[in-house]
Structure formats: C-alpha cells, structure tokens
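Summary of the model geometry
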Amino acid sequence: MAHFTLTCSWVGNYCSCPSSVKLRVKVAQIFAPKFTMRLFWTLILIVLYNGYSSEGVNSTLPARPKVVNIGCMLSFNSLVGKITKVAVEAAVEDINSNPDVLGGTKLNMTTLDSNSSGFLGIVEAIRFMEKDTVAIVGPQSSVIAHVVSNIANELQVPLLSFAATDPTLSSLQYPFFVRTSPSDMFQMAAIAEMIDYYEWREVIAIYIDDDFGRNGIAALADQLAKRRCSISYKAAMRPGATLDDARDVLVQVALRESRIMVVHTYPSKGLEIFSMARYLGMIDNGYVWIATHWLSTILDTAGPLPPDEKENLEGAITLRTHSPASELKQKFVSRWSNLTRKAGVTGPSGMSTYALYAYDTVWLLAHAINEFFNQGGNVSFSKDPRLTEQNSGSLNLDSMSIFNGGKLLLDNIFKVNMTGVTGPFSFTPDKNLFRPAFEVINVVGTGFRKVGYWSEYSGLSIVPPETLYSKPPNRSSSNQQLHSIIWPGQTTAKPRGWVFPNNGRQLKIGVPNRASFREFVGKVPGTDSFRGYCIEVFTTAINLLPYAVPYKLVAFGDGHNNPDDTELVSLITAGVYDAAIGDIAITTNRTKMVDFTQPYIESGLVVVAPVKEQNSNAWAFLRPFTPRMWCITGVFFLIVGTVIWILEHRLNDDFRGPPSKQVVTVLWFSFSTLFTAQRENTVSTLGRIVLLIWLFVVLIINSSYTASLTSILTVQKLSSPITGIESLLNTKEPIGYQLGSFARNYLIQELHIDESRLVPLNLPEDYARALKDGPSHGGVAAVVDERAYMELFLSTRCQFSILGQEFTKNGWGFAFPRDSPLAIDMSTAILKLSENGELQRIHDKWLSGIACTSQNTKLEVDRLQLKSFSGLFFLCGLACFLALLIYFVMLACQYCQYYPNSEASSESSRSGRLQTFLSFVDEKEESVRSRSKRRQLEATSVRSIDQDASVNGSRIDRSEIYSNRVVSFGESV
C-alpha cells in the first residue's frame, strides 16, 4: 500500500493542495457541518488518484533499484575494441549523470575482455551471469556472438551488439540477440548495387573463413543473384592466415578471369592482403578492389597511414556506415579527444562509426530499462532447473540464473524510438535498423574522398539519403549515380572487370564439322584447322579484342552428316566446350542455354521449290485481271452507261430516239469511256458528276492493266503451284529439311506439320534430286531451310527458286556460357566489323560465287485482284445510287407539279396513272414545260372571262364566251 502525505497551504479563502489533481475547498464550506462528509470523501479520492500513475502503472509497482548491472564484452587489443570501450564508458557516465533518464537508477557496467576468442567469450559470459546482469553490450565479434547468443537464449539476457554484423545472427535461432548497427546484408546489397551500376557480372570474394566471413559472402552472393551477377571464385583464408597463406590465395586469384575483388575480412588481415596484392602487381590497371567497412574503420581511426600502406590501397573502394549530421553528433565528436585522453588510450584513437553506434547502444538500453521499470518490471532472477540438475563439478554452473524480466526488457528494446548521435534510431519488424545507409569512399592520393551514398530506400546517389526520404523512392537505373572514381593505376576509365584467365588453359571451342555447305564452315582435310565464312568472321573479330584469347577449335561431328547445332550448344552448358562458333542459328530454345553474340548474318527460314518459265500466248492480254475482276469491270461499264442514259434521257437528244437506237447508245457510251472517246455530251449536272467519278475509276484500271500487261509481255516469268509456306500448310505433300537444322522442330512444334511429311536431306545434291523427283517419284514438293544456305544452293541451280517471304527472322551468332563477358566483347567487335565494311568483304569473299544465269527472272506476279479495286468500285456505285435517288426525287416533285391531284384523280385506274407517269418520264422535259405554260395561259384566260361577266352583268352563256375567246386566241396566234 502506497503512503500518501497531503500538504496544503492557505491562500485567501481556499486551501491549496499541491497534487496531480488540484483541489480547492472554500473555508466556509470546510467548516460547515453538512459538508464535512463531502470533504472526507474528496480527500479519499485524492489519495486513490495518487496511488495510480497516469500511464496505468499500479501503485504497487516495486521501487526502482539504485543500481542495474549490465555487462560489456569487447576485445581490448583490437582497434575497434579500444575506441568502442571509450564510447560505452562515456555513454554510461552521461546516463548516470542525468537522473531523468532512469529516474535515479544508475547503470553499473562491467567490461570484460574476450580477446577475440570464442572460448574466452563463453567464460566472460558466464562471469556476467553470476552478477545478476540484465543485459550485455557486445560482443564485438560475430564468431563470439554466435557462441554467447546460445547462453543469452538460455538465461534470457538481451545481447546488444554494435559490431557483430553477421546477417545470420538475426535468425529466429537467436531471439535475444539485438544488432544495433546495419547488418552485412545491407552492406553487401550496396556492393552488389555498385557491381550492377558499373555493368560487371562476376566478382571474386576474398574472405576469412569463419562465421563472419562465410555468412557475409553468402549474403553478397544472394544480392548479386538478384541482379544477375555472381561470385565466380571464393578465395577463403583461414582465420590465422599468414602472409604466405595470403600470397598463395592471391596467386590463385590472379589466374582467374574476373578482376573485381571484394575483400571481406578484419582490419589487420585486410592490410596484409592489400600489401601482398601490391607485391604481386595486382593493384594496377584493370583491377577493382572493393573492401567492406573494415577499411573505412582503419581510415577513420588510425589517422594518416604510412606512405607504403597508403600506396597499397590506391584506388580502392570501401563503405562507411552513414550517420546524418546533427547537433548531438557534433557535440559528441567535439568531446572525443578529451574522452580518449581521459581513458588513457594509446595508439590510434580516431572517431569511427563503431564508436557512434556503441554510444547509442548504451542509450538504447537505458531507454528500454526505463520503460521496463515503468511497466512494473522487476529485476529478479531464478535458478535454471536444468543447470541445477547437472553435476557441474568445479564449473559452478548453478551460480547462473535466468533473468525473469528478460522477455519484457527485450520487447522494450525493439520498441525504442529515439534520436541518437547516429540519427533516428529504431527497428523494423524484422529487427533490423530502420533505413540503413552507407557512404561510398574512394581511397586516392594521401587521403580519401566520398563519391556517393547508398541507402536501402533510394539506392546509389550523390546526395545524402536523408534528403531523399521526403520523395517517393526511385530505384530506376537512370536515377542511380556516383561521382567519378580514380581506379587502381590512377585512371578514371571504368575497368572492363575481367581478362582472359592466365592459367595456361585454352578455350575449348566447338565447331560443327559439316558435310554440306562448307563455304560457311568446313574442316581442312588432314588437319585440325577449319576454314570458311564463319571461321574468318570469328578470327577477325577476336583479333580486335584488346587482349589475347588463347583458344583451340574442336570438331563436333563426323563430317559425313551435318551435326545438330542444338546439341552442340547444350554441351556448353554441360561444360564440355567453353564456346561454340559456326553456322549456329539464334533461336529461343538456344538462348535459354547460352548467351549469343550480335548476329553477323541474317538468315530466316524460306521455302524453295521447282519453278518453270511462264511463256506468252494468244490470250496473254487477259492475264492481268482475274476472271472475277473482268466480270465486275464489265458490269460496271453497263451500270454506269445505264445511269448516264437515265439522267440524260429527258434533257439530251443524243440519248433519245427509238429503243434500238437507245440500247446501242447505252452500250457505245459505256465502253467508249474506256478510251474517253464518247461523242455524246452530258448536259445534266448529276450525269456529269457520275461520269467524272467513273472516268477516274477507268483511269486507274487502265493504268494498272497497262503496267501488268507490259510486265507479262516483256519480263521472263517463273511459275510454281507453291507460293510460300501457307500453300505447304494446306497440302499433305512431303517437305524436305536440312539434317541437323532447327527447321525440323520449328515445322513440327510451331507450324504443327505432321512429322511423317518431313524428309531429312544432307547434301545440296540431295536437295536437287528430291526437288526434281517431286512427290510423285519419292521426292519432296519443297525444301524448308535457312536463307543463307538456300542462296548459296540457288546460285548454280536456276530451276529452283525461293517462294514467298521469310517466315522466321533469325541470325547466326557465336555461343558462349551464360553471363560470359567474352560474348559482350565479341559482339562489340562484330559491330565494328559491320561498321568498317570488313564483314561485307568477308561475305563477298566466301559467298559471292557464280550467280545463276537467269537471275533476272521473276516469279509469276499475282493477277490483279478485285479486292485491290473494291474501294473504287464502291465509290462509283455509291455515286450512281445517290445520283439516281436525287434524280427520281426531283422527277416525282416535277410530276406532282405538272399533274395535280385533281387531274390525276380523274384517271380510271392505277394502270392509267402508271402509264401517265411513264409517259411523263419518257417525255422530253422541254415539251412538258411548254404544255404546262400553255395550260397556265388558258387558266388565266378563264379567270379573266369570269371577272368580265361579273362586272357587266351579261347573260351570255359562259361557254360561248369561252369558245369565242378560244377562237379569237387561235386567230391571233
């Protein structure tokens, strides 16, 4: 039960009580009898309220201890151990000097030396557990962390390490391990990003073969694989490696292909590796050395290096954990020299990022312990029953106890969100630090320079990552940037990243030993050498490379049958050959196995079949048009003639007369428009419009007919019942293909041609024999093969020809293993050959032989189809229809005007009305107008008689007056 003391002071008429709930009771009310009970219950409520905190912690919380024991495990003899010991001691001192941090509780830190030994690490961990330690800062080494983490799991004591960067320590196996600095997983992601940025594909990893080195390089391999890169060689060194061991490893590295070195080791071993590499001439042009953050630690803490060591590191790249600039960081850095002097540190003692993270680690633990106490946590320990049951002898294992509040403290550690000297400090759900970032450092001259940054959020950049956090993440390749780097050899040109391995082994290159078309590739009889178009392209291109490539050409095939190029390519994947050259087509299936160079010749599949000359005959003038085209053209001549006759009949005397004459006129006018020699003139507007459109159609048809007929009569033609691959698909006739070619699989799998129709052919003579025999005599209807072969085949065989277009687009290239840099360099060389004309010269040398004597012949051109002129006929037909529609509408209006309803209704029958309309249509428009005018005059005369009779009152019979008027009118006329 918590005790509560209420101290009040009088202020005027009020009693002021200094508590979390302000209570003022008027004096008059206090002394009033009826308010005595109310005052009593008010005081009770105040007591109860102060028994509970505003954060929900019960008043029964145990009193905080005056001291909390924590441990610190470092390697005092190491460079990192020296400076981090100063940092953690400074953090404990700062925390203890500020009672607001732990509410008066102080940290009692015991620092022990693990001496970089896993065994000593276990001993020191046991010593900590004998002193009721609630948490351990450290250990410094990943190897020791693996061992001590098992003890921490058993005794539930959080282990906070700022230097054990092994990514596997974050696994579920070690729940009480807390890494308070960026994991090597992120450092390796930064290195992989740089490898991809500079378009390198393979690296060599040099590392210490322990938990720290192995797991770090495994993380690098994973990150490289995400970017289609890889580690080509792992150069492992034992933890206690000597200079001789380093020399032996580097000699093996020098014999390898890649020149990208990633060194992941400890500071002391790293300098020895670079020293030996310098001795072996490996710090020179063409090499790239990337060191993990061990090198930046040396540069930051050791001060100016001796000239010889500085020369060993010339052009190297390293990473440094990035911490944004802040006032807290600046204050701590300004105190550093005083702190090291006070701690009595001897030797190099510069500030490094390890010291910053060590300082923040202690503060992180302090905030977690404070929250632990706020939540009612109690520092208590209990015996581990499994240890007490063991007969430990003199080991005294039963002195170690389980920290009962370990899980609560661990949870509070991961929930801390603070701002330290390293910047914002918090954890992600996977227990890694939030938004890790690194600086990219280039060692140059007498110092080093910062060339960029890497962050998990934005990748590579030349601006601090914290300036990009307010923007959407952009990991596109165009947004990845670094400043220029001075590489080993004092050059700014990006190294190629690889050379041909100098291990005395030649490239074993497979070459198809062909039985046919040896102009492309063929083995010289009696020797192991090869000749041909493909071979000369390869040798010319490889001579353009800026380095020597020793190779040996190995025949694939027996020389009697053409080998299967797909099988040759698959042997590269199997490791039998290092490359393959020759007439190897680039296909989808093959690109899944190997990388091809830039194609050096285009060659798609074509159809070759026998052709025969198309001789001229007496009816050659009918061949330009198809029968359907002839029929439709003739019908339109008659339609247009008829339409013109209808439109002109009532206006034009040339289109009037006896029926026989009018029929002749229609026929004559229709067909005379073909020569624009019609003698009849059109006078109606609609007729002229229709005629104008029709003459345009006739002009197009006439020009097309003339051009086609000229071609038929003047150019020699070749004809074949096969027009291309489409016609072969519609038949069941046999098809030939080259033995070993990809054409067989393509025809079966892609075009779904039955396998029984395919006939393998080996030699050009087999092609010619099978095509001549034809399907009826055991031959083939056509041969499907690549254009390059067929052009060579047809150069001396004029009775065959390529029919239709290429139905695939392929090229020939040289095959190399996946991600081989030699494939890229060879592609560049082939492009140079193409640009300077050398590739064409080689083509003309090998493939431009004696051409066929009838190369000016052409395959029979397709006849002019109706579909080519359907648009013109449609426009002409539409014009005729609209002209007739307008004409008949105008005619109906005219008929209604000249034959009113009253007169029309006097007709006896429909046939009579129809006869009247047809007579009106056949009648010339001028006659109709004259009769209408005469009727109008008669109507006017009648109205005049009626007016006279009404004015004079005459009784003369109206009919008589009318007759007189008619007589007088006739006389006057």
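What counts as what
Residues numbered from 1 in each chain as written. Predicted model: local features only at pLDDT ≥ 70, side-chain atom pairs only at ≥ 80, totals over all residues. Heavy atoms only, no water. UniProt positions renumbered as here; feature names shortened; annotations may be inferred. Helix = DSSP H or I, 4+ residues; strand = E, 2+ residues; numbered from the N terminus. Buried < 20%, exposed > 50% of the residue type's maximum accessible area, 1.4 Å probe, protein only. Contact = heavy atoms within 4.5 Å. Pairing = 2+ DSSP bridges. Axes fitted to C-alpha atoms, helices over the stretch in contact; angles between N-to-C directions.

An unreviewed UniProt entry annotates the protein as Glutamate receptor originating from Datura stramonium. Quoted straight from UniProt, the Sequence similarities (unreviewed entry) entry for the protein says "Belongs to the glutamate-gated ion channel (TC 1.A.10.1) family." Listed under Function (unreviewed entry) in UniProt, the entry text for the protein is "Glutamate-gated receptor that probably acts as non-selective cation channel."

The subject of this paragraph is the environment of Ser142. Looking at where Ser142 falls in the secondary structure, it is placed in helix 6 (residues 142–155). Ser142 gets classed as buried once you look at its relative accessible area, which sits at 2%. Taking C-alpha positions, Ser142 is 9.5 Å from Thr168, a pair spaced 26 residues apart along the chain. With residues up to four places along the chain from it excluded, the contact list for Ser142 reads Ala164, Thr165, Asp166, Leu169 and Phe212.

Per the UniProt record, the feature "transmembrane region" (unreviewed entry) sits at residues 627–647, 689–713 and 872–892. Here residues 627–647 runs as 100% helix and 0% strand, with 31 Å between its end C-alpha atoms. Each end of residues 872–892 is marked by a C-alpha atom, and these two atoms are 30 Å apart; helix forms 100% of the span and strand 0%.

Before going further, it helps to spend a moment on the environment of Thr419. Among the structural elements, Thr419 can be located in strand 16 (residues 418–420). According to the relative accessible area criterion, Thr419 is exposed, its value standing at 57%. When the C-alpha positions of Thr419 and Asp360 are compared, they lie 8.8 Å apart, and in sequence the two are 59 residues distant. Dropping the residues within four chain positions of it, Thr419 is found in contact with Leu328 and Pro424.

Strand order in the open sheet formed by eight strands is 10-9-11-12-13-18-19-20, and the pairing between neighbours is mixed. The sheet terminates laterally at strand 10 (230–237) and strand 20 (459–461), the two strands that pair on one side only. Recorded for the sheet is a direction-independent mean angle of 30 degrees between the axes of neighbouring strands. Relative to strand 12 (residues 288–291), strand 11 (residues 260–264) runs parallel, the two being bridged by four bridges. For Val262, the partnering residue across the bridge sits in strand 12 and is Ile290.

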